[in-house]
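A structural walkthrough
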Amino acid sequence: MRCIACHYSLKDLTEHRCPECGRAFDPEKPNTFDSDPEVRRALQVQKIRQYWIGVALYCAVPILLSILLSNCDTSDHQRSSSAPSAFTPPRVLDPR
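These notes cover the structure that comes with them. (Residues numbered from 1 in each chain as written. Predicted model: local features only at pLDDT ≥ 70, side-chain atom pairs only at ≥ 80, totals over all residues. Heavy atoms only, no water.)

**Details of the pattern of salt bridges**
Think of it this way: side chains of opposite charge can pair up when their charged atoms draw near. Going by this rule: In what follows, salt bridge is the name for a side-chain nitrogen of Lys or Arg lying within 4 Å of a carboxyl oxygen of Asp or Glu.
Per the counting criterion, the structure on display carries one salt bridge. Across the salt bridge formed by Glu15 and Arg17, the nearest N and O atoms sit 3.9 Å from each other.

And the structure:
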């Protein structure tokens, strides 16, 4: 753990005050000191990993859905002849 103000190491101190700059800290409250660089680095790596997993899922889901939907076979479905299909071309009336 390090001092927020001057980054002096606060490990193994008997008094809860930075000997370099005099800033007080509480070992029970993480917002009063800077955590170890190794812990901070591990948290940064975890955040970056979670970000890229989110990006991959955001990109992969639409692609996978489009692949799955393009492979659907609609020939097995029976269409009712009385209901017009949304994809049938409009009828042209003979002007005679």
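So that's the structure; there's more coming.
**Describing unusual backbone geometry**
Basically, it comes down to this: Starting at the N terminus, helices and strands are each numbered in turn, a helix being any DSSP run of H or I of at least four residues and a strand any DSSP run of E of at least two. Each residue gets one of three labels from its accessible area relative to the maximum for its type: buried under 20%, exposed over 50%, partly exposed in between, using a 1.4 Å probe on protein chains only.
Phi is positive for His7, close to 65°, though the residue is something other than glycine. Turning to its location among the elements, His7 is positioned in the segment before helix H1 (37-70). Judged by its relative accessible area of 46%, His7 falls in the partly exposed class. Non-glycine residue Asp12 carries a positive phi angle of around 60°. Its place among the elements puts Asp12 in the segment before H1.

**Side note on the packing of aromatic side chains**
Aromatic ring pairs are reported here in terms of the distance separating the ring centres and the angle at which the planes meet. Put simply, the test is: Aromatic pairs are defined between Phe, Tyr and Trp rings, using the six-membered ring for Trp, whenever the two ring centres lie within 6.5 Å; interplanar angles under 30 degrees are classed as stacked, those over 60 as edge-to-face, and all others as tilted.
Inspection of every chain in the model, using the stated rule, returns one aromatic pair. Plain terms: the ring middles of Tyr51 and Trp52 are 5.0 Å apart, the flat faces sit at 80° to each other, and that makes the pair edge-to-face. By relative accessible area, which is 52% here, Trp52 ends up exposed.

**Some thoughts on the environment of Arg40**
Heads up, the rule is: When checking whether two residues touch, look at their non-hydrogen atoms; a contact exists if any pair is within 4.5 Å.
The topology assignment puts Arg40 in helix H1. If we ignore the near neighbours within four places in the chain, the residues touching Arg40 are Asp34 and Ser35.

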